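Inside the fold
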Amino acid sequence: MCQKGKINNSSAEKNGRKKTVFLKDGKYTFFWTISVIVILVLSLGIFCLPGCRREETHERQKNKMVSKIQEIERQIDAEHGLYGALRWQYNHAPEESSRQKVEIYKELSNRMSKILDLQKRRDSLIQLKDHFGNESIQLENNWNGRNLLLTHLQDYVDRVQKGADRADEASWRFMTFILTGGTLFVAMLGVWTWSKKRDFDKECQKNINDFQNQARKQSEVLQRAEAFSKCIAMHLDGDMFRLRNVCDRAQEKYRKALELLKQLLKEGEINDQYIHEQTIILNKLGDISMGYGLFKEASGYYQRSREAAQALVCKDSNNVEWQRDLILAYRKIGDVAFQQGIFGEAEGWYKESISTLHSLMEGRKNNTQLQHDLSTALRCLGDVKIKQGLLENAMEQYQEAEKIVENLSSNTYKHINHRRDKLLTLKGISVILKTQGKLEEAVKYGNMSMRIAEQLLGEDSENTERRVDLGEILFLMGKIHELQGNIKNSVTFYNKYKEIVGRLVTIDGYNVKWTQELNEANTCLGDVLSIQGNLQEAEVLYQKSLEDRRELVTRDGSNAGWKRDLTVSLNRMGDLRRVQGRKDEAESLYREILDIMRELVARDESNAGWRRDLTVSLDRMGDLRMSQGKEGEAEELYREGLGIMRELVTRDGSNAGWKRDLTVSLDRMGDLRLSEGRKAEAEEYFRESLCIMRELVERDGSNAGWKKDLIISLQRMANLRMLQGQEEEAEKLYKEARDIRHELE
């Protein structure tokens, strides 16, 4: 039994040694370590496997989205190219081509809608890709995709929450495995997992906040883009109304577009595109105000346009488009001054635009747009010189403009604006030639411009601008034929002109320019009727013109141009009342004219046209005083008028109209001296007048008016010679007058 016990004891000892070996022996320690590592790896694998799969899934989705974004961006670039081309075509299409602009406008709207749809798809993909890959991608400024962004944000938050739930589940699995391996290891791993989960939650919350801030900023950008799109749409709508001559609706649309631009410039960053759009709208509002005769309001719009364009040019002086905006503003402000009769101020603005154009054209000689702008500015300056009576200077400006226009017209592509430039240049040269008394040449240039005007109107019969151009040329041709003594042709041209202007007034009765043109047509027709002896019908036309012009002066008493037009109607009515023997009414009308003209000359003494008109008023009042037997007052009036005309002729001897007016003043002084019995002094005045009239007739023998004036001068001198007892010389003068009369018959 003892042995057996020993055996059992030794067996127990052996078992005890084996247990100790299991715990301490290196092989079993290694096995235990490997087991713990395997458990740890399995736990980590179980924990990380969902995350790895998520990363792999996210990467694939990211790559797919990148490919899709690139494909959509290529489509957007192509659509932007087509939109830019259509926008350029719309901006450069002539304002008069209404049908073409409407078609382009519809196509622009379709392209813009397609671009916005593509941008919505692209930007939503960009936002999702941004949170898959941490890339910072900015959205474009032309998608109203706020709702879609917020929808994707909610989807993203849901995915984050699901990821967090998976992380929690993995953590619990990991902790279950660790509990089998040891309490300490599980506790340490649990603390590590909790800390990672906390960091993960913080990172998720940070990403969500960043995404919300970015979405808020992008929403503001998109709201500004949407507002600018509305502004462009209103601008285009205004253009459409303006083409249809619905100027009040066009003005309403332009003002709303301007208000939107003001709000955008006030709230957001200063955007050059917004400022450029503002200058264009301001110019169009100024044009409408000019048409209504609101010159002060128009000047305000043009000045604001000039300030905006100047700010852009200061940013980038090499930007040709911005420079052209500034040049246009200069010219528009000059146009306001010209319409008001402030020719000195108008000349300054026109010269400023010409100087800027010359500087801008250095290195850009072949730029047709700049050449067009230069020819227009030169014509405007030439018109000022015509009003100032400086015909030689005016002809220089128009001849320079003609060279530019000929160069533009010689191109294979003859733009409508270039053809209209040629039309206006030829018409201006015809006006100068008419004023110089070269009527045959004036008719030649007038016919050339009339043919172009008829061609342009035939291409677009609904275009108001082309209709106005033709009307002005018809009026000019009527004047020339009237001077040539061809009353029948003159009446034909005047009636055609009145028909065109009457139709324009019917379309838009608020347009002051067209009302003025209608009054001018009535005045000219009244003159022809007076020549024909039909005083009753002439009085009706004169009275209608007088009432309309008084109404304009009542509306704006500071407008010098309207006041000058009023004196024309007053003169006609005064002459008519004098012929009718109603001298008191005639005196009242002449006195009103004289007061207005003295006021205008005092305002601007450099205005030669106003000074010439003052001379006409002085002569008329002097004639009335002579008929009343007040020779002393008549002499004072005649002397003042003669002094003004001598000064004007000295200033520009090429102005045939002034020379003819000088002969009128000389004849009046000669008649006065003859009535006083001072024959020697009368002879000096008559001889000077006769020399001037011979010179004018030699210059242009086709001018019937000058020939009639020469007949009168010859008869005056012949009558004087008869009084002096020089009957033989008087007979020669009478014979010369009879020969000229036979030529006219």
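Residues numbered from 1 in each chain as written. Predicted model: local features only at pLDDT ≥ 70, side-chain atom pairs only at ≥ 80, totals over all residues. Heavy atoms only, no water.

To continue, consider the overall build of the protein. The helix and strand inventory of the protein stands at 26 helices and 0 strands. In the protein, which comprises 745 residues, the proportion classed as buried is 48%. In the protein, 64% of the contacts between residues at least 6 apart in sequence involve partners at least 24 apart. In the form shown here, the protein has an accessible surface area of approximately 37,700 Å², with 51% of it arising from carbon and sulfur atoms. (Helix = DSSP H or I, 4+ residues; strand = E, 2+ residues; numbered from the N terminus. Buried < 20%, exposed > 50% of the residue type's maximum accessible area, 1.4 Å probe, protein only. Contact = heavy atoms within 4.5 Å. Areas by Shrake-Rupley, 256 points an atom, 1.4 Å probe, with all protein chains shown as cover.)

All right, on to helix H18 (residues 535-555) then. Here H18 contains 21 residues, and its C-alpha end-to-end distance of 30 Å stays within 8% of the 30 Å for a straight helix at 1.5 Å per residue. Residues Ala538, Leu541, Tyr542, Ser545, Leu546, Asp548, Arg549, Leu552 and Val553 constitute the buried set of H18. (Expected span 1.5 Å × (residues − 1).)

Let's shift gears to the packing of helix H22 (residues 631-651) against helix H23 (residues 656-675). Each packed pair of helices is defined by two parameters, the angle between the axes and the distance between the axes. Look at H22 against H23: their axes get within 9 Å of each other, and the N-to-C directions meet at 150°. Taken together, the axis directions place H22 and H23 in an arrangement best described as roughly antiparallel. Between H22 and H23 the crossing geometry is left-handed. Residues Glu631, Glu635, Tyr638, Arg639, Gly641, Leu642, Met645, Arg646, Leu648 and Val649 of H22 form the contact with H23, whose own contacting residues are Trp658, Lys659, Asp661, Leu662, Ser665, Leu666, Arg668, Met669, Leu672 and Arg673. (Axes fitted to C-alpha atoms, helices over the stretch in contact; angles between N-to-C directions. Parallel < 35°, antiparallel > 145°, perpendicular 65-115°, else oblique. Left-handed = near helix turned anticlockwise from the far one by under 90°.)

In contact at an axis separation of 9 Å, H18 and helix H19 (residues 560-579) are set at 150° when each is read in the N-to-C sense. Classified by the interaxial angle, the pair formed by H18 and H19 is roughly antiparallel. With respect to the hand of their crossing, H18 and H19 are arranged in left-handed fashion. Contacts from Leu535, Glu539, Tyr542, Gln543, Ser545, Leu546, Arg549, Arg550, Leu552 and Val553 of H18 reach H19 at Trp562, Lys563, Asp565, Leu566, Val568, Ser569, Leu570, Arg572, Met573, Leu576, Arg577 and Val579. A per-class count over the contact of H18 with H19 returns 12 nonpolar, 3 polar and 7 charged. (Nonpolar A, V, L, I, M, F, W, Y, C, P; charged D, E, K, R; others polar.)

The next thing to look at is the confidence of the model for the protein. Mean pLDDT for the protein: 77, with 77% of residues reaching 70 or above. Note that pLDDT drops below 50 for residues 1-32; the model gives that stretch 6 contacts with residues more than four away or on any other chain. Scored below 50 in pLDDT, residues 134-154 shows 50 contacts in the model against residues more than four places distant or in partner chains. (pLDDT = per-residue confidence, 0-100.)

With that settled, consider the pattern of salt bridges. Using the criterion set out here, one finds 52 salt bridges in the structure. The salt bridge partner of Arg577 is Glu539, with a shortest N-O separation of 3.0 Å. Of the two residues, Arg577 sits in helix H19 while Glu539 sits in helix H18, which places them 38 residues apart along the sequence. Classification of Arg577 as buried rests on a relative accessible area of 8%. Within the structure, one salt-bridge network assembled from shared partners comprises Glu635, Arg639, Arg673, Glu676, Arg678 and Glu681. (Salt bridge = Lys/Arg side-chain N within 4 Å of Asp/Glu carboxyl O.)

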